[in-house]
Amino acid sequence: MSRSDHPRPELKAMILAAGRGSRMRPLSDTVPKALVPVAGRPMIHHPLQWLKSQGLCEVVINTHHLGEAIMRELGDGRQLGMNIRYSPERELLGTGGGIARAMKTFGPGRLVLINSDTLIDASLADLLARHEEARALATLVVIPEREPGSFTRLLCDDQQFLRAIGEKPELDPGLAPPLTPATYTGLCLLEPELIQRLPAARPACLVHDALVPALVEGEPIAVFFHHGYWNGLDTLERVRRAEADIKSGAANPP
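Visitor: I keep staring at the pairing of strand E12 (residues 221–225) and nothing clicks. Help me out?
Guide: Along any regular strand, the residues point their side chains to alternate faces of the sheet. E12 sits mainly inside the fold: five of its five residues count as buried. Alternating residues of E12 divide into Ile221, Val223 and Phe225 and Ala222 and Phe224, and every residue in both groups is buried.

Visitor: Whenever I open this one, the nonpolar core confuses me. Can you help?
Guide: Ile44, Leu48, Leu51, Ile61 and Leu74 are the most contacted members of the largest nonpolar core, which has 33 residues in total. Excluding its chain neighbours within four sequence positions, the residues that come into contact with Leu74 are Ile44, His45, Leu48, Ile61, Gln79, Leu80, Ile84 and Tyr86. Counting residues in each nonpolar core, the second largest holds 31 residues, with Met14, Ala100, Leu111 and Ala138 among its members.

Visitor: For this particular structure, what's the right way to read unusual backbone geometry?
Guide: Only a minority of non-glycine residues have a phi that is not negative, and only a minority of peptide bonds are not trans. Backbone torsion omega between Arg25 and Pro26 reads 10°, so that peptide bond is classified as cis. As for its placement among the helices and strands, Pro26 is situated in the loop between strand E1 (11–16) and strand E2 (37–38). Unlike most non-glycine residues, Ala39 shows phi in positive territory, near 55°. What makes Ala39 partly exposed here is its relative accessible area of 38%. With a phi angle near 50°, Arg135 is a residue other than glycine that sits in the positive phi range. Within the secondary structure, Arg135 is located in the loop between helix H4 (124–134) and strand E8 (138–144).

Visitor: What exactly am I supposed to notice about the packing of aromatic side chains here?
Guide: Pairs of aromatic rings are described using the distance from one ring centre to the other and the angle between the two planes. What the rule picks out here adds up to zero aromatic pairs. In this structure, Arg130 is placed above the aromatic ring of Phe161, and the distance from its NZ or CZ to the ring centre is 5.0 Å.

Visitor: Looking at this structure, I do not really get the environment of Gly228. What am I missing?
Guide: Relative to the assigned elements, Gly228 resides in the loop between E12 and strand E13 (230–232). In sequence terms Gly228 and Met82 are 146 residues apart; their C-alpha atoms lie 25 Å from each other.

Visitor: So what exactly am I meant to see when it comes to the state of the cysteines here?
Guide: Note on terminology: disulfide describes a covalent bond linking the sulfur atoms of two cysteines. Inspection of every chain in the model, using the stated rule, returns zero disulfides. Distance from the sulfur of Cys57, which forms no disulfide, to the nearest cysteine sulfur (Cys188) is 20 Å. Free cysteine: Cys156, not disulfide-bonded; nearest cysteine sulfur from Cys188 at 14 Å.

Visitor: How should I be thinking about the pairing of strand E10 (residues 162–165) in this particular structure?
Guide: Judged from the three bridges that link them, strand E9 (residues 153–156) and E10 form a sheet pairing that is antiparallel. Bridged to Leu155 within E10 is Ala164. Taken together, E9 and the strand that follows it, E10, pair antiparallel across an intervening segment of five residues, in which Gln160 is found at a positive phi of about 60°.

Cut-offs and rules
- Just so you know, the residues in each chain are numbered from 1, in the order the chain's sequence is written.
- Restriction of local features to residues with pLDDT of at least 70 applies here, the model being predicted, together with a cutoff of 80 or more for giving and counting side-chain atom pairs; totals for whole chains, interfaces and linings are based on all residues.
- Excluded from the side-chain calculation are hydrogens and water; included are all heavy atoms of the structure.
- When accessible area is computed with a 1.4 Å probe and restricted to protein chains, residues below 20% of their type maximum are described as buried, those above 50% as exposed, and intermediate ones as partly exposed.
- A run of H or I in DSSP becomes a helix once it reaches four residues, and a run of E becomes a strand once it reaches two; helices and strands are each numbered from the N terminus.
- To form a nonpolar core, buried Ala, Val, Leu, Ile, Met, Phe, Trp, Tyr and Cys residues must be joined to one another through side-chain atoms within 4.5 Å.
- Only heavy atoms enter the contact rule, under which two residues are in contact if any of them lie within 4.5 Å.
- For Phe, Tyr and Trp, where Trp contributes only its six-membered ring, two rings pair if their centres lie within 6.5 Å, and the inter-plane angle classes them as stacked under 30 degrees, edge-to-face over 60, or tilted in between.
- Our definition puts a charge over a ring when NZ of Lys or CZ of Arg is within 6 Å of the ring centre and also within 35 degrees of the ring normal.
- The disulfide criterion is simple: two cysteine sulfur atoms within 2.5 Å.
- At least two DSSP bridges between two strands are needed for those strands to be called paired.

Listed below in structure tokens is the structure:
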């Protein structure tokens, strides 16, 4: 039985918010990046409202650096019309370890994963359609490459599958050029089979411990090119840019 023949797994949602926000120091030494104001709201409100606008009102948030402040700000989510649970990390577990640990909170299922600093107007329905059409283990929402050197480079083929990750990846000689460079937006869809490959008891990286091994094994990792608005709010300069975009109407967050 192929993946597409199985009933659709239940959708889960998670926001990654455990990082130290080092690119925002010294502000992030005392304020968690997720709570840095963006257009009058804590940054994390934007991905939360995006999830809600797409019909996902239950979400798990992983926390570490100044995590208590995030929990105090958001509480159980009722004031936002959501149900928020937390996966605190005593030790910073990285993207992969954080997801694996949070599985104990939200249980198995297909996961919509978004960074706390992602401002985007993508369609979850379109992402799901692409993911299912590709029968992929994971589908990453990407844009045509922006600011080379500032973000990890992804290389995609003309069928919109991921083929390599990194500035100087080791490419399979059998890969037919050209490959299109792309930038990851911080939003993706993961199948339970991929999540189960992540080590649960130690720090791990979603890219190096799950996506790269899947690529090496020839497993399908798809990309979904987003042509709407996106900004990765990992620096104060990008926060200011996003606020200007919101003010001008170029960005219309939920």
